[in-house]
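Breakdown of the fold
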Amino acid sequence: MYKTYLWKVKPTSSYITPWQSDTIYGHLLWAVLFLYGEEELNEVIESFKSYKPPFICSNGFVNDEFPLIKKKLILREDVKKISQDIYGDKNPNELIKTIRGIKESNKRKTTGFNEFEKLRNGSTNEELLKSFLKEKKVEKKGVFSEIPIMHNVVNRLSGVTEENGIYTLNEKFLDGEISIFIKVREDFSLEKLDSLLQYIELNGFGKKVSSGKGQIERVEFREFNEFENVENANGFVVLSNFIPKFGDYNEVVSGNIITKRGKTSNDIDTPEFPFKKPFVCYIPGSLFKRGDNKIIGNILKNIHIDSRIIQVGIPFIVEVKI
Amino acid sequence: MRLKSIKEINGTIKLLTGTRIGGSADLIEIGGNDNPVIRNPLTSELYIPGSSLKGKIRVLTEWLEGKVEGGEVHSCDKNDCPVCRVFGRSAQNSKVAKSGPTRISIKDAYLTEESKRELEKLKNRTGLDTEWKYENNINRITSEATPRNLERIPAGIEFDFKITYKVLDMGDNGKIDEDMFEKVVLRGLKAILLEGIGGGTSRGNGQIEFTKLLVDGEDLKDSINNIVIG
Ligand SMILES: [Zn+2]
């Protein structure tokens with residue numbers, strides 16, 4: 001059995017690495033090693049390998065913006081009916097308004113928590129669109145900016161930066177908060193998990209922590225019961241990077257895929273980094289019809305010359321009535 | 001390998017002369033707004049990137065430890081190399097050295113509340129919160145002097161900074177890391193007191209002092225000042 005917790009943090013510096021579950025898992029495993037030693041780390045890795053993970057992490061979501069669940073795309077032929085449903089008559093101006101609204105709404109990748117919950121509970125994308133068109137309310141978003149920052153390496157002998165000594169890093173500046181959801185196995189010590197999170201808070205997140213990137217402070221860490229139970233759920237949406245295994249789902253309703261090259265450590269500052277083999281995964285918001293497996297997601301082994309290194313592709317999921 | 005402790009340095013840097021911390025140092029020199037200082041894009045506030053302080057302390061440490069051979073950043077696979085152990089090394093070298101993660105982490109340094117107010121006042125008076133100064137840049141090959149208009153953070157401004165340092169027990173109960181904290185980190189701080197930070201330190205830019213320096217809460221300002229280098 002698992003209980004759900006919310007770990008909310010606030011960036012206190014810019015950061016480079018996006019808050020994705022596979023990276024968060026990596027940080028937690030490193031924290032186990034540093035705080036509790038190699039033996040404990042091996043135990044934790046074993047429990048992942050046997051699909052009894054002590055904790056299951058989501059990606060980080062900025063200011064409670066959740067991925068938009070797409071059960072069904074709004075099609076062109078639906079426009080007329082939607083327009084009539086909202087505006088009543090067949091005024092052509094309203095039709096244009098509707099088309100514009102649909103375009104705008106199709107561009108959306110995120111929703112607020114309330115809409116996310118409605119969609120999980122059987123609301124359709126069409127219903128959501130209608131209320132979006134009627135109310136036009138804009139949800140509060142974090143102030144976010146991603147810019148390339150120039151860095152330079154000084155030539156030790158000449159004392160100046162030479163042409164090959166300049167590189168840029170895309171740094172993310174966020175005035176807002178990041179929410180990470182964590183399911184914790186009931187027999188895993190919550191204090192231990194808390195200490196791992198505290199270690200990450202102290203050490204920083206992602207690339208270049210040794211020069212101050214990825215600094216965070218805790219906003220809260222608490223049990224989270226706000227995901228409602230969905231009656232007659234027949235599917236699930238992933239809130240993490242998800243590497244599937246056989247039997248995890250019967251059908252992909254809507255999925256987005258990325259290819260990633262994992263990294264083995266969080267604070268090596270050099271470009272010639274020890275990469276793991278690349279892997280493909282679904283990203284948050286991907287929607288599936290349920291299969292029979294209890295624990296969804298895969299653990300990749302043999303992805304690095306160091307055979308102890310694994311890639312955790314077990315996603316934080318919530319049920320959906322499709 | 002296990003974490004023994006994390007040391008924490010909390011300090012305040014006061015600029016004694018105008019300071020240039022731009023992303024591009026001395027190479028990019030075309031255009032009007034030459035070498036602008038770094039700002040947070042959301043708030044426009046000035047800050048000193050941790051990477052800039054770390055880079056400076058690393059270079060000085062390489063010199064002090066006799067690790068400068070060519071023009072390149074030093075990296076080796078000796079487990080107890082003070083430069084690599086404290087500041088990090090290349091992946092290939094890490095695999096052999098097995099010395100664990102980079103010990104030091106130097107955070108971005110942010111304006112103190114008082115300095116924010118001072119800069120606000122300056123901006124109300126002059127329209128700018130920085131100063132602009134022409135410097136002659138001599139081309140090394142043609143010896144031609146090119147005047148450049150450079151942006152500097154004015155003298156008197158203070159930044160709070162923070163450094164953390166991991167002490168790992170690698171079967172030695174953390175002794176090597178404890179030693180290196182004194183010999184590398186504290187000495188490195190003394191070295192930037194002498195050398196300055198940012199660009200153009202040889203022209204007098206970027207001279208600093210510490211108006212506060214606490215190591216795990218203990219005031220070490222005087223002991224840093226008393227460290228003798230060389
Ligand atoms: Zn070395």
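See above for the structure.
Residues numbered from 1 in each chain as written. Chains lettered and ligands numbered in written order. Predicted model: local features only at pLDDT ≥ 70, side-chain atom pairs only at ≥ 80, totals over all residues. Heavy atoms only, no water.

1. Observations concerning the sheet that holds strand S7 (residues 178-185) of chain A
Residues and elements named next belong to chain A. Basically, it comes down to this: Note on pairing: DSSP must find at least two bridges between two strands before they are called paired. Working definition: helices are DSSP H or I runs of at least four residues, strands are E runs of at least two. Numbering for both runs from the N terminus. Between N-to-C directions, angles span 0 to 180 degrees; the directions come from axes that are lines fitted to C-alpha atoms, helices contributing only their stretch in contact. Residue contacts are counted whenever heavy atoms from the two residues lie within 4.5 Å of one another.
If you trace the four strands from one edge of the open sheet to the other, you get S2-S7-S1-S8, paired in antiparallel fashion. Single-partner strands in this sheet number two, and they are strand S2 (55-62) and strand S8 (216-223). Taken pair by pair, the neighbouring strands of this sheet meet at an average axis angle of 20°, ignoring direction. As judged from the six bridges shared by S2 and S7, these two strands associate in the antiparallel manner. Within S7, the residue paired with Phe-61 across the bridge is Ser-179. This element, helix H1 (residues 21-49), spans S2 and S7 of the sheet and lies at about 150° to S2. Its contacts with the sheet put helix H6 (residues 190-203) on strand S1 (2-11), S2, S7 and S8, and the angle it makes with S8 is roughly 160°.

2. Notes on the nonpolar core
In plain terms, the rule: Within this scheme, the nonpolar core is defined by two criteria: the residues are buried Ala, Val, Leu, Ile, Met, Phe, Trp, Tyr or Cys, and they are joined through side-chain atoms within 4.5 Å. Working definition: with a 1.4 Å probe on protein chains only, accessible area under 20% of the residue-type maximum means buried, over 50% means exposed, and in between means partly exposed.
Core analysis: the biggest nonpolar cluster contains 58 residues, and Trp-7, Trp-19, Phe-48, Phe-55 and Leu-193 of chain A have the highest contact counts within it. If you list the elements that add at least two residues to this core, you get S1, H1, S2, helix H4 (113-120), S7, H6, S8 and strand S16 (317-320) of chain A. Tallying contributions element by element places H1 of chain A first for this core, with 12 residues. Residues within four places of Leu-193 of chain A in sequence aside, it is in contact with Leu-28, Phe-55, Ile-182, Val-184, Phe-188 and Phe-221 of chain A. Listed in part, the 45 residues of the second largest apolar core include Ile-13, Leu-46, Ile-57 and Ile-104 of chain B.

3. Section: the interface of chain A and chain B
How big an interface is tends to be stated in terms of accessible area lost as the parts join. The following threshold applies: Once two parts are brought into contact, the accessible area they lose, counted with a 1.4 Å probe and summed over both, makes up the buried area. For salt bridges, the criterion is a side-chain nitrogen of Lys or Arg within 4 Å of an Asp or Glu carboxyl oxygen. Within 3.5 Å is the distance limit for a polar contact, defined as a pair of N or O atoms, with the added protein rule that one can donate a hydrogen and the other accept it, and that residues adjacent in sequence qualify only through two side-chain atoms. Under this grouping Gly is polar, as are all residues other than the nonpolar Ala, Val, Leu, Ile, Met, Phe, Trp, Tyr, Cys and Pro and the charged Asp, Glu, Lys and Arg.
Facing the 47 residues of chain A at the interface are 45 residues of chain B. Both faces combined, the contact of chain A with chain B buries some 3500 Å², and carbon together with sulfur accounts for 61% of it. The largest contributions to the chain A side of the interface with chain B come from Phe-34, Arg-156 and Ser-210 of chain A, which together make up 21% of the buried area. At the junction of chain A with chain B, the criterion picks out two salt bridges. A salt bridge links Asp-108 of chain B to Lys-213 of chain A; the nearest nitrogen and oxygen atoms lie 3.1 Å apart. Taken together, the connections running from chain A to chain B amount to 11 residue pairs in polar contact (both at pLDDT 80 or more). The dominant element in the side of chain A that touches chain B, judged by the number of residues it contributes, is strand S5 (residues 143-154) of chain A, at 10 residues. Of the residues contributing to the side of chain A that touches chain B, the split by class is 23 nonpolar, 15 polar and nine charged.

4. So, the side chain of Asn-93 of chain B
All names here are of chain B. Structurally, Asn-93 can be placed in helix H3 (residues 91-97). Looking at Asn-93, its side chain comes within polar contact range of the side chain of Ser-75, at 2.6 Å. In this view, Asn-93 contacts Ser-75, Cys-76 and Asp-77; residues no more than four positions away in its chain are not counted.

5. Description of the coordination of the zinc ion
Residue and element names in this part refer to chain B. Going by this rule: Nitrogen, oxygen and sulfur within 2.8 Å of a metal are treated as its donors, or within 3.2 Å for sodium, potassium and calcium (Na, K, Ca); water is not counted, so a site can appear incomplete. Here a site with four donors is tetrahedral if all angles are between 85 and 135 degrees, and a site with four or six donors is square planar or octahedral if opposite donors are over 155 degrees apart and the other angles are between 65 and 115; anything else gets the irregular label.
In the first shell of the zinc ion, the protein supplies His-74 (NE2), Cys-76 (SG), Cys-81 (SG) and Cys-84 (SG), at 2.1 to 2.3 Å from the metal. In this structure, the zinc ion is surrounded by four donor atoms whose angles at the metal cover 105 to 116°, and the resulting shape is tetrahedral. The motif formed by the donor residues of the zinc ion, counted along the single chain, is H-x1-C-x4-C-x2-C. The two residues His-74 and Cys-81 agree in class, both being buried.

6. Focus on unusual backbone geometry
Phi at Tyr-51 of chain A is positive, roughly 55°, even though this residue is not glycine. The phi angle at Lys-98 of chain B is positive, at roughly 50°, despite the residue not being glycine. By the secondary structure assignment, Lys-98 of chain B is in the loop between H3 and strand S3 (104-106).

7. Side note on empty space enclosed by the protein
Residues and elements named next belong to chain A. Rule in force here: Cavities and pockets were defined on a 1 Å grid built from protein atoms only: a cavity is a group of points that admits a 1.4 Å probe but offers it no way out, a pocket is an open group of points flanked by protein on both sides within 12 Å along at least five of seven lines, and a lining residue is one with an atom within 4 Å of any such point. Grid points are joined across faces, edges and corners, and a volume is the space filled by probe spheres set on the points.
Overall, the coordinates contain one cavity of 30 Å³ or more when judged by the stated rule. Here the largest cavity defines a volume of roughly 100 Å³. Along the walls of the largest cavity sit Leu-68, Lys-70, Lys-72, Leu-73, Ile-74, Ser-105, Asn-106, Arg-108, Asn-125, Leu-128 and Leu-129, which together make up its complete lining. Those elements that place two or more of their residues in the lining of the largest cavity are helix H3 (92-107) and helix H5 (125-135). In terms of residue count, the dominant contributor to the lining of the largest cavity is H5 (three residues).

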